[in-house]
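Chain and residue survey
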Amino acid sequence: MLNSQILNNDTICALATPHGMGAIAVVRVSGPEAVTIVSQIFTQNNKPFDLEKMVANKAYYGHIVDHGKLLDEVLVTFFRAPHSFTGEDSSEISVHGSVYIQQKLLQVLIAHGCRMAEAGEFTRRAFVNRKFDLAQAEAIADLIGSESEAAHRVAINQLKGGFSKELQMLRSKLLEMTSLMELELDFSEEDVEFADRSQLRALLDETLAHVNRLKDSFRLGNAIKNGIPVAIVGQTNTGKSTLLNALLGEDRAIVSDIAGTTRDTIEETLNINGILYRFIDTAGLRQTDETIEKIGIERSYRKIHEATVAIGMLDATKDYVSILSSANAIAGKVNLKQQQLVLCINKVDTLADQGAVLLEQLRHDLGNDEIKIIRLSAKYGFGLNDLYNTLKHSQPLACPDATLVTNVRHYEALLHASESLKSVKEGLEMNVPTDLVSQDLHEALYYLGSITGEITTTEVLGTIFSRFCIGK
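Residue positions are counted from 1 within each chain, in the order its sequence is given. Reporting in this predicted model follows two pLDDT cut-offs: at least 70 for local features of residues, and 80 or more for side-chain atom pairs to be given and counted; totals over whole chains, interfaces and linings ignore these cut-offs and use all residues. No hydrogens and no water enter the side-chain calculation; it runs on all heavy atoms of the structure.

Turning our eyes to something else, we now look at the pattern of salt bridges. When the charged atoms of two side chains with opposite charge come close together, those side chains can pair. By salt bridge we mean one thing: a side-chain nitrogen of Lys or Arg within 4 Å of a carboxyl oxygen of Asp or Glu. Throughout the structure, instances matching the rule amount to 17 salt bridges. For glutamate 206, the salt bridge goes to lysine 173, with nearest N and O atoms at 2.5 Å. Placement of the pair is glutamate 206 in helix H8 (residues 197-216) and lysine 173 in helix H7 (residues 162-186), with a sequence separation of 33 residues. For lysine 215, the salt bridge goes to aspartate 216, with nearest N and O atoms at 3.0 Å. Relative accessibility decides the category of a residue: with a 1.4 Å probe and only protein chains considered, values under 20% of the type maximum give buried, values over 50% give exposed, and everything between is partly exposed. By relative accessible area, which is 52% here, aspartate 216 ends up exposed. One salt-bridge network, held together by shared partners, links Asp10, Glu88, Arg115, Glu121 and Arg125. Put simply, DSSP H or I for four residues or longer makes a helix, DSSP E for two residues or longer makes a strand, and each gets a number counted from the N terminus.

Here it is as structure tokens:
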């Protein structure tokens, strides 16, 4: 575990680009001796680099030399504190991407006084030096790991401090409430009331609503970060696996006329208009005594519950009573307040009117505008564009500047803060003594502060930054 003394005194180095051979590689150095150490092995025109003429934030062309032996021609950029990523003196060395050159350069730097950085240590130093708060630091990891435009957009917003600003505003309001209550405690013998209870309740309701909105955004934020889960569900032989293959453009799932072919869930991701979707083909829903198939069906029900979007497959070749019964059965498994349901009338290529009449009849009998219904022939690709458009518009995707919670740690902190604020509200309504209400307020402040790092522990920091790559 790194302590603050090590963070302040050591000069660290690490490969900042992915391991392996490439066109170029970048080695990052940070710490009090970062500029000096690099200048000792960097030459220009066969002469040692002159530090007195060095200009910060400027790239210099030259060579890395180890005991008189040329290692590589390079570009070196020097940064002076506090104007660097870490807030310390730093250097970045761009070399050719040979694995040998990368490893040899790190060995040379270590021989001159550097040590290898630990996972996430560069970002941790930036946090310690107040270049950004903890939520922004975690957004860097999300930005690196983003696999879609939507995930990138959410991470960028957090990195810019959108989430942190909201938390600062909330903490400011709670601090105002806490200070007034603390003042009352100081004058408890005089029985003075500094905090107007009606104003406190109004401010509390506003703050609690804001915290709950952020907490509730985690479902969508986490889905965007990891891929919006879309469960393809329905009875056996309705075309679920055929649809998955059509969406992916490859034969990923086994397609057969034999009922119960899919025994387990199959998951694949697909990027549609900058949003990552995680499609899950599930076992057909039916009554069965076959043990393995039963397990698959149980997993299907679980995936329906976990999905953000459920695609219900209906077989257009069945009689209408069976189709309506299947539609109602699927709708009964979906929480329409939190999930989207798209019913696909599949195999419409077998119908003369391609299912237009069937669609209108089903729409009328279901009587729920929240359920989207489309006609589809997964086998021949008819209706796939309608499905893409329905998926694109079925999500309550936020505008680019909206704040979404994507981190489990943040969600848990908001959950605890919400519970503490509810206790404050109950305390005010029941005229609980001010010192007890104040204690609940302090707990809410603690949990909100733990997100940005205003209140944290070395153990928490170690856990967070250990998940970063070495060079970040």
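There's more to say after this.
Turning our eyes to something else, we now look at the pairing of strand S7 (residues 90-97). At least two DSSP bridges between two strands are required for those strands to pair. Pairing geometry for strand S2 (residues 22-30) and S7, over eight bridges, is antiparallel. Pairing of isoleucine 24 across the sheet is with histidine 96, part of S7. When strand S6 (residues 69-79) meets S7, the two strands line up antiparallel, connected through five bridges. When the sheet's bridge partners are listed, leucine 75 is paired in S7 with serine 94.

Here we come to the sheet that holds strand S14 (residues 372-375). If you trace the six strands from one edge of the open sheet to the other, you get S10-S11-S9-S12-S13-S14, paired in mixed fashion. Edge strands, defined here as strands with exactly one partner in the open sheet, are strand S10 (266-272) and S14. Between one strand and the next, the sheet's axes are offset by a mean angle of 25°, whatever the strand orientation. The pairing of strand S12 (residues 309-315) with strand S13 (residues 340-346) spans seven bridges and is parallel. Bridge assignment links methionine 313 to a residue of S13, and that residue is cysteine 344. Helix-sheet contacts for helix H12 (residues 320-332) involve strand S9 (228-234), S12 and S13, and the interaxial angle to S12 is about 165°. In this fold helix H13 (residues 356-366) packs onto S12, S13 and S14, with an angle of close to 165° to the strand it touches most, S14. Interaxial angle, 0 to 180 degrees, is taken between N-to-C directions of lines fitted to C-alpha atoms, where a helix line uses only the stretch in contact. Working rule for contacts: check all heavy atoms of both residues, and any pair within 4.5 Å makes them a contact.

Right, let's talk about H13 for a bit. Here H13 has its buried residues at Leu358, Leu359, Leu362 and Leu366. In an axial view of H13, the angular spread of the buried residues amounts to 100°, which keeps them on one side of the axis. Pointing more than 90 degrees away from the buried face of H13 are the exposed residues Val357 and His364. Following H13 by one or two positions, glycine 367 adopts a phi angle in the positive range, close to 60°. Here the arc refers to the set of directions running from the helix axis out to each C-beta atom.

Within the open sheet, the eight strands sit side by side as S4-S3-S5-S6-S7-S2-S1-S8. Their pairing is mixed. Only two strands of the sheet have a single partner each, and these edge strands are strand S4 (47-48) and strand S8 (115-116). Pairing analysis gives four bridges linking strand S1 (residues 12-15) to S2, with the strands arranged antiparallel. Bridge assignment links cysteine 13 to a residue of S2, and that residue is valine 29. Contacting S1, S2, strand S5 (59-66), S6, S7 and S8, helix H3 (residues 99-111) crosses the sheet at an angle of about 150° to S7.

A few words on the confidence of the model for the protein. Averaged over every residue, the pLDDT of the protein is 84; residues scoring 70 or more account for 86%. Values of pLDDT, ranging from 0 to 100, describe the predictor's confidence in every residue of the model. Counting contacts from residues 1-6, a segment whose pLDDT is below 50, to residues more than four positions away or on other chains yields eleven contacts. Every residue in residues 253-264 scores below 50 in pLDDT, and together they form 32 contacts with partners more than four places removed in sequence or on other chains.

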